[in-house]
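Residue-level structural notes
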Amino acid sequence: MKKITIAIDGFSSCGKSTMAKDLAKAVGYIYIDSGAMYRAVSLYSIENGIFNGNNIDTEKLKLNIHNIQISFKLNPETGRPDTYLNGVNVESQIRTMEVSSKVSPISALDFVRKAMVTQQQAMGKEKGIVMDGRDIGTTVFPDAELKIFVTASPEIRAQRRYDELKGKGQEASFDDILENVKQRDYIDQHREVSPLRKADDALLLDNTNLTIEEQKEWLFEQFNKVTR
Ligand code: DC
């Protein structure tokens, strides 16, 4: 069967990565979480004195950007790929609140995006890849054979994050989470470089009223339509 490129974009906390990972695993494709790459650049910046409070030393980061190599290796225990920064496994470090709070301004820098897009395109050269993010169908793989744009109401996304945090035993306020979801939507859609938008040829998936199982089924149908 011919291998294709699959681009999954959309708002934060939409369940993009869950569906992307599940599809990649089922069809034997590589899965790349492009958000993890921007998180890894943020971690590098924190560790290398590029942040002074919330200010970024952009000149220093620019000088070092080509020394930042990001790769992914399958973790046999979780069955999912872990993120490596210059050969070191940083999967858990890039998910901290500190990194989450610093990744937005890092991912808005033009030279950071250029460097990451180059690495992402190299990863997809052989096709057989599912990549999720914000600009995959518009900028990274504009010729992807299957493009999905995922959305859901802010309230349902906030509720899902609230349930997830509560499930981990963490304190959470629904109103704070909802505010954060809305704020990130605004930043993602209004930044100057590669703002989040649906590619004209992307299929729209609003999963507000779908279960994970229903969403998975829908995605498989689309994959089968394109590959058969
Ligand atoms: O999907 P995530 O929350 O892990 O993404 C982290 C950040 O990176 C988020 O602020 C959006 C940004 N991002 C981006 O600008 N472009 C992508 N292709 C993926 C993520």
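Higher on the page you've got the structure.
Below: a short report on this structure. The residue numbering used here restarts from 1 in each chain and proceeds along that chain's sequence as written. Since the coordinates come from a predicted model, pLDDT governs what is reported: local features require at least 70, and pairs of side-chain atoms require 80 or more to be given and counted, while whole-chain, interface and lining totals use all residues. Excluded from the side-chain calculation are hydrogens and water; included are all heavy atoms of the structure.

1. Comments concerning the layout of surface pockets
- Empty space within the second largest pocket amounts to approximately 220 Å³.
- Buriedness of a pocket was judged along seven lines, with at least five required to meet protein on both sides within 12 Å; pockets are open sets of points on a 1 Å grid over the protein atoms alone, cavities are sets where a 1.4 Å probe fits but cannot get out, and lining residues have an atom within 4 Å of a point. What lines the second largest pocket is a set of 15 residues, and nearest its centre among them are Y29, I30, Y31, L74 and P81.
- Sort the elements by how many residues they give to the lining of the second largest pocket and strand β5 (residues 70-75) lands first, with four residues.
- Among the residues forming the lining of the second largest pocket, the class breakdown is nine nonpolar, two polar and four charged. Grid points are joined across faces, edges and corners, and a volume is the space filled by probe spheres set on the points. The secondary structure listing takes helices from DSSP runs of H or I that are at least 4 residues long and strands from runs of E that are at least 2 residues long, numbered from the N terminus. Any residue that is not Ala, Val, Leu, Ile, Met, Phe, Trp, Tyr, Cys, Pro, Asp, Glu, Lys or Arg is counted as polar, Gly included; the first ten are nonpolar and the last four charged.

2. A few points about a negative patch on the surface
- Patch rule: a residue counts if its relative accessible area is over 30% and it has no salt bridge; like charges are joined within 9 Å, and nonpolar side chains (Val, Leu, Ile, Met, Phe, Trp, Tyr) within 5 Å. Under the convention used here, a 1.4 Å probe and the Shrake-Rupley method define accessible areas, while residue burial counts only the protein chains that appear. The term salt bridge refers to a side-chain nitrogen of Lys or Arg lying within 4 Å of a carboxyl oxygen of Asp or Glu. Positive charges come from Lys and Arg, negative ones from Asp and Glu, while His and the chain ends are left out of the count. Where a charge sits is defined by one atom per residue type, namely NZ (Lys), CZ (Arg), CG (Asp) or CD (Glu). Together, E213, E214, E217 and E221 make up a negatively charged patch on the protein surface.
- Assignment of secondary structure puts E213 in helix α9 (residues 212-227).

3. Concerning helix α1 (residues 16-27)
- In a regular helix each residue adds 1.5 Å, so twelve residues correspond to 16 Å; α1 covers 17 Å between its end C-alpha atoms and thus fits that length.
- When we look at burial in α1, the residues that qualify are K16, M19, A20, D22, L23 and A24.
- G28 occupies a position one or two residues after α1 and carries a positive phi of about 75°. Here, expected helix span is obtained from the residue count minus one, scaled by 1.5 Å. Partly exposed describes any residue whose relative accessible area lies between the buried limit of under 20% and the exposed limit of over 50%, with all areas from a 1.4 Å probe on protein chains only and scaled to the type maximum.

4. Let's talk about the side chain of D188
- Within the secondary structure, D188 is located in helix α8 (residues 174-190).
- Taking relative accessible area as the criterion, D188 reaches 8% and is therefore assigned buried.

5. Focus: the packing of aromatic side chains
- Centres within 6.5 Å make a pair out of two Phe, Tyr or Trp rings, where for Trp the six-membered ring is used; the pair is then stacked when the planes are under 30 degrees apart, edge-to-face when over 60, and tilted otherwise. Summed over all chains, the structure comprises three aromatic pairs.
- The interplanar angle of 80° and the centroid separation of 6.3 Å between the aromatic rings of Y162 and F174 together place this pair among those described as edge-to-face. With Y162 in helix α7 (residues 154-167) and F174 in helix α8, this residue pair connects regions lying twelve residues apart in the sequence.
- Here F174 falls in the partly exposed class, since its relative accessible area comes to 25%.
- By definition here, charges over rings are those cases where NZ of Lys or CZ of Arg is within 6 Å of the ring centre and within 35 degrees of the ring normal. The positively charged end of K73 is found above the aromatic ring belonging to Y84, 4.3 Å away from the centroid.
- Seen from the ring of F51, K102 lies directly overhead, with NZ or CZ sitting 5.2 Å from the centre.

6. Comments concerning the pairing of β5
- Any two strands between which DSSP finds at least two bridges are classified as paired. Both β5 and strand β6 (residues 80-85) contribute to a ladder of six bridges, which runs antiparallel. Within β6, the residue paired with K73 across the bridge is D82.
- Here β5 hands over to β6 after four residues, with G79 in that stretch at a positive phi of 75°.

7. Details of the packing of helix α2 (residues 34-47) against helix α5 (residues 110-123)
- Axis definition: a line fit to C-alpha positions, over the contact stretch in the case of helices; interaxial angles, taken between N-to-C directions, run 0 to 180 degrees. Interhelical geometry of α2 versus α5 gives an angle of 135° and a closest axis separation of 11 Å. Put simply, α2 runs oblique to α5. Between α2 and α5 the crossing geometry is right-handed. On α5, the residues touching S34, M37, Y38 and V41 of α2 are V112, R113, M116, V117, Q119, Q120 and M123.
- Taken together, the residues of the contact of α2 with α5 break down into seven nonpolar, three polar and one charged. Angular relationships are summarised with four words: roughly parallel below 35 degrees, roughly antiparallel beyond 145, roughly perpendicular across 65 to 115, and oblique for the angles in between. Note on convention: the crossing is left-handed when the near helix lies turned anticlockwise from the far helix by less than a right angle, right-handed when the turn is clockwise. Contacts between residues were defined by any pair of non-hydrogen atoms, one from each residue, lying within 4.5 Å.

8. Considering the site of the ligand
- By convention in this text, a residue qualifies as near a molecule or strand provided that one of its non-hydrogen atoms is within 4 Å of it. Taken together, the neighbourhood of the ligand is formed by 14 residues, with S34, R39, R113, D135 and R191 sitting nearest.
- In protein, a polar contact means a hydrogen-donor-capable atom and an acceptor-capable atom, both N or O and within 3.5 Å, with residues adjacent in sequence counting only if both atoms are side-chain atoms; elsewhere, any N or O pair within 3.5 Å suffices. Within the side chain of S34, one N or O atom sits 2.9 Å away from a nitrogen atom of the ligand.
- Burial of the ligand by the surrounding chains reaches 92%, relative to a free accessible area of 450 Å².
- At the level of elements, α2 and α4 (97-107) are the ones that each hand at least two residues to the shell around the ligand.
- The element contributing the most residues to the shell around the ligand is α2, with four residues.
- Class assignment for the residues of the shell around the ligand results in three nonpolar, five polar and six charged.

9. Section: the pattern of salt bridges
- This model, assessed by the stated rule, comprises eleven salt bridges.
- Ionic pairing is found between E91 and R95, a salt bridge with its closest N-O pair at 3.0 Å.
- The salt bridge partner of K166 is E171, with a shortest N-O separation of 4.0 Å.
- On the basis of relative accessibility, which here comes to 35%, the residue K166 falls in the partly exposed class.
- Looking at E171, the relative accessible area reads 71%, which means it is exposed.
- Linked by salt bridges that have partners in common, D33, E91 and R95 make up one network.

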